[in-house]
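Breakdown of the fold
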Amino acid sequence: MKCTSPLLLSKLQTALDDAKIAVLPAEVHGVLTGLVCGGVPMDGKSWQKPFLELVNDGEPAPEPLMTIVKELYLDVINTLVDPAMSFTPMLADEDDPLQDRLEAFINWVQSFLTGLAIMQPALDKASGDVKELIQDLTDFTQVELEVEENEENEEGFAALVEHARIAAWECLREFRGLDEEAAPKTLH
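Residues numbered from 1 in each chain as written. Predicted model: local features only at pLDDT ≥ 70, side-chain atom pairs only at ≥ 80, totals over all residues. Heavy atoms only, no water.

1. Examining the side chain of Thr79
Rule in force here: Starting at the N terminus, helices and strands are each numbered in turn, a helix being any DSSP run of H or I of at least four residues and a strand any DSSP run of E of at least two. Whether two residues are in contact is decided by their heavy atoms: any pair within 4.5 Å suffices.
Mapped onto the elements, Thr79 comes out in helix H4 (residues 63–80). Those residues within four positions of Thr79 in sequence are excluded, and the remaining contacts are Met85, Ser86 and Phe87.

Below you can see the structure in the form of C-alpha cells.
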C-alpha cells in the first residue's frame, strides 16, 4: 500500500484518535523513518520501544494502532531500499491546501530528525554531506506557514519534499553502511 494514500492516512488518524494519542500521521511516519534511517535493528521489534517512547511516553499502544504502525514501518523500509527510490514522506492528502501539506511536512521533518537523533546521538560525527542535509532539514522547519496557493509555491514545496526524500536516503546509506551499488532487498 502506498504510504501516502488517503485511506492509510485516514486509518492511521482514526487509530491514533481511538488510542487518544495526540500525534499526527506525518509525525508517526517521520519518527519511523528517522528510526530506520538512523539504524534501528531491523528485526521487526526493536523499533517499537523507541517509537513508543517518542509518540506515547513509552506507554504501550492498543493493538489496532500498532498493527497499522507495523504496516507503515514495513512500508518505510521497503520504499527506502527500493531501487526506484519510491520512498516519500507521508504528508497530508495532495488535494489538501498547500498550507496544510506544508504543516504536515514540517511535522514530518521534526519527527524524522527526532527519530534519527535517538538512534544516532552523535550526529555531529556524520559526514559533511549528511550534516549539511540534516542542517537543511532543520532549516526547513523554520519556513513560513502562511503561503499562497500558486504554482511557484507548489514547485517550492515539491522541491522541499524531494530534498527530504534524498536526505532520508542519504542518512539510511550512511548510518546503515549501505553501498550505493548494493541491490536493496524487500523486507517481509
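After that view, the rundown keeps rolling.
2. With respect to the packing of aromatic side chains
Each aromatic ring pair is described using two quantities: the centre-to-centre distance and the angle formed by the ring planes. Our working definition: Working definition: rings of Phe, Tyr and Trp (its six-membered ring) pair if their centres are within 6.5 Å, and the pair is stacked with planes under 30 degrees apart, edge-to-face with planes over 60 apart, and tilted otherwise. Each residue is placed in one exposure class: buried if its accessible area under a 1.4 Å probe, protein chains only, is under 20% of its type's maximum, exposed if it is over 50%, and partly exposed if it falls in between.
The final tally for this structure, using the stated rule, is six aromatic pairs. Aromatic pair Trp47 and Tyr73: ring centres 4.7 Å apart, planes at 20°, arrangement stacked. Of this pair, Trp47 sits in the loop between helix H2 (25–38) and helix H3 (48–56) while Tyr73 sits in helix H4, placing them 26 residues apart in sequence. Of the two residues, Trp47 and Tyr73, both sit in the buried class. Centre to centre, the rings of Phe105 and Phe157 are 6.0 Å apart; their planes meet at 75°, and the pair counts as edge-to-face. Here the residue Phe105 occupies a position in helix H5 (residues 98–119), and Phe157 occupies one in helix H7 (residues 151–176), the gap between them amounting to 52 residues. A relative accessible area of 0% places Phe105 in the buried class. An aromatic cluster is built from Trp47, Phe51 and Tyr73, whose rings are joined through pairwise contacts.

3. Brief notes about the environment of Lys11
By secondary structure assignment, the location of Lys11 is in helix H1 (residues 6–18). Through-space distance from the C-alpha of Lys11 to that of Pro64 is 9.9 Å; in sequence the pair is 53 residues apart. Excluding residues that lie within four positions of it along the chain, Lys11 makes contacts with Ile68 and Glu71.

4. Points about the packing of H2 against H3
How two helices pack is summed up by the angle between their axes together with the distance between the axes. We count it as follows: An axis is simply a line fitted to the C-alpha atoms; with a helix, the fit covers only the stretch in contact. Between two such axes, the angle follows the N-to-C directions and lies from 0 to 180 degrees. Should the near helix be turned anticlockwise from the far one by less than a right angle, the crossing is left-handed, and should it be turned clockwise, the crossing is right-handed. Residues are grouped as follows: nonpolar covers Ala, Val, Leu, Ile, Met, Phe, Trp, Tyr, Cys and Pro; charged covers Asp, Glu, Lys and Arg; every other residue, Gly included, is treated as polar.
Put simply, H2 and H3 touch, their axes get as near as 10 Å, and they point 145° apart. The hand of the H2/H3 crossing is right-handed. Across the interface between the two elements, Val28, Val31, Leu32 and Leu35 from H2 touch Pro50, Phe51, Leu54 and Val55 from H3. Across the contact of H2 with H3, the residue classes tally to eight nonpolar, no polar and no charged.

5. Describing helix H6 (residues 128–140)
To keep it simple, the criterion reads: An expected span of 1.5 Å times one less than the residue number is assigned to each helix. This arc is taken over the directions from the axis of the helix to the C-beta atoms.
The terminal C-alpha atoms of H6 lie 18 Å apart, and with 13 residues this matches the ideal 18 Å at 1.5 Å per residue to within 8%. Three or more residues of H6 are buried, namely Val130, Leu133, Ile134, Leu137 and Phe140. Around the axis of H6, the buried residues are gathered within 115° of arc, so they sit on the same side. On its buried face, H6 is in contact with H5 and H7.

6. A look at the packing of H6 against H7
Where H6 meets H7, the closest approach of the two axes is 10 Å, and the angle between their N-to-C directions is 145°. For the element pair H6 and H7, the recorded crossing hand is left-handed. Residues Val130, Leu133, Ile134, Asp136, Leu137 and Phe140 of H6 touch H7, and the partners they reach there are Leu160, His163, Ala164, Ala167, Glu170, Cys171, Glu174 and Phe175. Residue composition of the contact of H6 with H7, by class: ten nonpolar, one polar and three charged.

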